[in-house]
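Here is what each chain is made of, one letter per residue.
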Amino acid sequence: DQQVKQNSPSLSVQEGRISILNCDYTNSMFDYFLWYKKYPAEGPTFLISISSIKDKNEDGRFTVFLNKSAKHLSLHIVPSQPGDSAVYFCAASARNQGGSEKLVFGKGTKLTVNP
Amino acid sequence: EPEVTQTPSHQVTQMGQEVILRCVPISNHLYFYWYRQILGQKVEFLVSFYNNEISEKSEIFDDQFSVERPDGSNFTLKIRSTKLEDSAMYFCASRGPGWEQYFGPGTRLTVT
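All values derive from a computational prediction rather than experimental measurement. Residue numbering note: each chain is counted from 1, following its sequence as written. Naming scheme: in the order in which they are written, chains are lettered from A and ligands are numbered from 1. Selection of residues for local features in this predicted model requires a pLDDT of at least 70, selection of side-chain atom pairs for listing and counting requires 80 or more, and totals for whole chains, interfaces and linings are taken over all residues. Excluded from the side-chain calculations are hydrogens and water; all other atoms, namely the structure's heavy atoms, are used.

Visitor: Explain the interface of chain A and chain B to me, please; I cannot follow it from the model alone.
Guide: By a frequent convention, interface size equals the accessible area lost on bringing the separate parts together. Contacts are residue-level and defined by heavy atoms, with any inter-residue pair within 4.5 Å sufficient. Each side of the interface is counted separately: chain A has 21 residues, and chain B has 17 residues. Should a side-chain nitrogen of Lys or Arg be within 4 Å of a carboxyl oxygen of Asp or Glu, the pair is scored as a salt bridge. On the surface where chain A and chain B come into contact, there are one salt bridge. One salt bridge in this structure joins Arg95(B) and Glu101(A), with 3.0 Å as the shortest N-O distance. Polar contact is the term for a pair of N or O atoms within 3.5 Å; when the atoms are in protein, one must be able to donate a hydrogen and the other to accept it, and sequence-neighboring residues count only if both atoms are side-chain atoms. Inspection of the chain A/chain B interface yields six residue pairs in polar contact (both at pLDDT 80 or more). Put simply, DSSP H or I for four residues or longer makes a helix, DSSP E for two residues or longer makes a strand, and each gets a number counted from the N terminus. Sorting elements by how many residues they give to the side of chain A that touches chain B places strand β4 (residues 32-38) of chain A first, with four residues.

Visitor: Sorry, what's going on with the nonpolar core here?
Guide: What tends to happen in soluble globular proteins is that the nonpolar side chains get buried as a cluster. The nonpolar core is taken to be a set of buried Ala, Val, Leu, Ile, Met, Phe, Trp, Tyr and Cys residues, with the residues joined through side-chain atoms within 4.5 Å. Each residue gets one of three labels from its accessible area relative to the maximum for its type: buried under 20%, exposed over 50%, partly exposed in between, using a 1.4 Å probe on protein chains only. Phe30(A), Phe33(A), Trp35(A), Leu73(A), Leu75(A) and Tyr88(A) are the most contacted members of the largest nonpolar core, which has 25 residues in total. Looking at this core, the elements that each hand over two or more residues are β3 (19-25), β4, β5 (45-51), β7 (62-67), β8 (72-77), β9 (86-93) and β11 (109-114) of chain A. Of the residues forming this core, the biggest block, four residues, is contributed by β9(A). Formed by 22 residues, the second largest nonpolar core is a distinct cluster that contains Leu21(B), Trp34(B), Phe49(B) and Leu77(B).

Visitor: Before we go on, may I ask you to explain unusual backbone geometry in this structure?
Guide: Glycine aside, residues mostly have negative phi, and peptide bonds are mostly found in the trans state. Residue Pro79(A) follows Val78(A) across a cis peptide bond; omega there is -5°. For the bond from Thr7(B) to Pro8(B), the omega torsion is -10°, close enough to zero to count as cis. If you check the backbone angles, Lys71(A) has positive phi at about 50° while not being a glycine. Mapped onto the secondary structure, Lys71(A) falls in the loop between β7 and β8. Even without glycine at this site, Asn51(B) takes up a positive phi of about 55°.

Visitor: Is there a simple way to explain the pairing of β7(A) in this structure?
Guide: Across a regular strand the side chains alternate sides, sitting on one face of the sheet and then on the other. Residues and elements named next belong to chain A. As paired elements, strand β6 (residues 56-59) and β7 share four bridges and run antiparallel to each other. The residue bridging Glu58 from the neighbouring strand is Thr63, located in β7. For two strands to pair, DSSP has to find at least two bridges joining them. The turn linking β6 back onto β7 is made up of two residues, and Gly60 within it adopts a positive phi angle of 65°. As paired strands, β7 and β8 are joined by six bridges and run antiparallel to one another. Across the sheet, residue Leu66 finds its bridge partner in β8, namely Leu73. Hairpin connection of β7 to β8: four residues between the antiparallel strands, including Lys71 at a positive phi of 50°.

Visitor: Explain the state of the cysteines to me, please; I cannot follow it from the model alone.
Guide: Linking two cysteines covalently via their sulfur atoms produces the bond known as a disulfide. When the sulfur atoms of two cysteines come within 2.5 Å, that pair is taken as a disulfide. Applying the stated criterion to the full structure yields two disulfides over all chains. Each sulfur of the disulfide joining Cys23(A) and Cys90(A) lies 2.0 Å from the other. Where Cys23(A) bonds to Cys90(A) through sulfur, the torsion about that S-S bond is close to -75°, and the disulfide is left-handed. Taken together, the residues Cys23(A) in strand β3 and Cys90(A) in strand β9 connect sequence positions 67 residues apart. The pair formed by Cys23(A) and Cys90(A) is uniform in burial state, with each residue classed as buried. Disulfide pairing places Cys23(B) opposite Cys92(B) at an S-S distance of 1.9 Å. Residues Cys23(B) and Cys92(B) are joined by a disulfide whose S-S torsion is about -60°; by sign, that bridge is left-handed. Of this pair, Cys23(B) sits in strand β3 (residues 19-24) while Cys92(B) sits in strand β9 (residues 88-95), and the two are 69 residues apart along the sequence.

Visitor: For this particular structure, what's the right way to read the side chain of Ser49(A)?
Guide: Relative to the helices and strands, Ser49(A) is located in strand β5. Here Tyr32(A) takes part through its side chain, which lies 2.8 Å from a polar atom of the side chain of Ser49(A).

Visitor: I keep staring at the packing of aromatic side chains and nothing clicks. Help me out?
Guide: When we look at a pair of aromatic rings, we describe it by the centre distance and by the angle of the planes. Here is the rule: rings of Phe, Tyr and Trp (six-membered ring for Trp) pair when centre to centre is within 6.5 Å. Planes less than 30 degrees apart are stacked, more than 60 are edge-to-face, and the remainder are tilted. Under the defined criterion, the tally for this structure stands at 18 aromatic pairs over all chains. Aromatic pair Tyr36(A) and Phe46(A): ring centres 5.9 Å apart, planes at 70°, arrangement edge-to-face. Here Tyr36(A), found in strand β4, pairs with Phe46(A), found in strand β5; they are ten residues apart in sequence, far enough to count as distant. In this pair, the class of Tyr36(A) matches that of Phe46(A), namely buried. Taken together through their ring pairs, the aromatic side chains of Tyr36(A), Phe46(A), Phe89(A), Phe105(A), Tyr33(B), Tyr35(B), Phe45(B), Phe91(B), Tyr102(B) and Phe103(B) make up a single cluster. The ring of Trp99(B) is capped by Arg95(A), whose NZ or CZ atom sits 4.9 Å from the centre of that ring. Stacked on the ring of Trp99(B), the Lys or Arg Arg95(B) has its end atom at 4.3 Å from the ring centre. Only when the NZ of Lys or the CZ of Arg is both within 6 Å of the ring centre and within 35 degrees of the ring normal is a charge said to sit over the ring.

Everything listed here is a matter of geometry and, on its own, says nothing about what the molecule does.
Right, dumping it as structure tokens:
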């Protein structure tokens, strides 16, 4: 079941540059999307979310873009910092479809920001 | 900043034994969840809980699993008779009025 796909298992960027993490989904019922960051031996930490009625949401260094027609979203981190090194998960839910709140996760992308 | 806490951090049990994983959600949250992540696999939904009842559960959440909110602060996941394939990280999550779910640090369950 690959409803949420993160096709890049890893990404390496230089400190100060932009990190772009990508996520694709197949279920057109998804209407809410979230990004989580996860350090080893910790739980996922919520970063930013976006509703399907928007195409962009920004919070400080983090911006999420949603392209509904392409069923694609991306997380931009700028400027990237070494402390951003972690695994990033994309997640989606179909809140307005029978009220399902379960999050469906991608496999994650490991981001390494080099000093 | 309020956070979800989970105990124990690591639980080792023998196959066939019962385990109870404990979670303390963020205090003003009303929606609670359990997820698990088998090593090398995705985080997967188990169950959601609201107003003292299960609101949704996955195919994984069979009769061997149960959840309970025994008091005003704890939220527990019980596995009645553990199997080797239950070995995983178990994450509790909660949410308030917004739609984002906040996760605890997880309990690593090892079934031998």
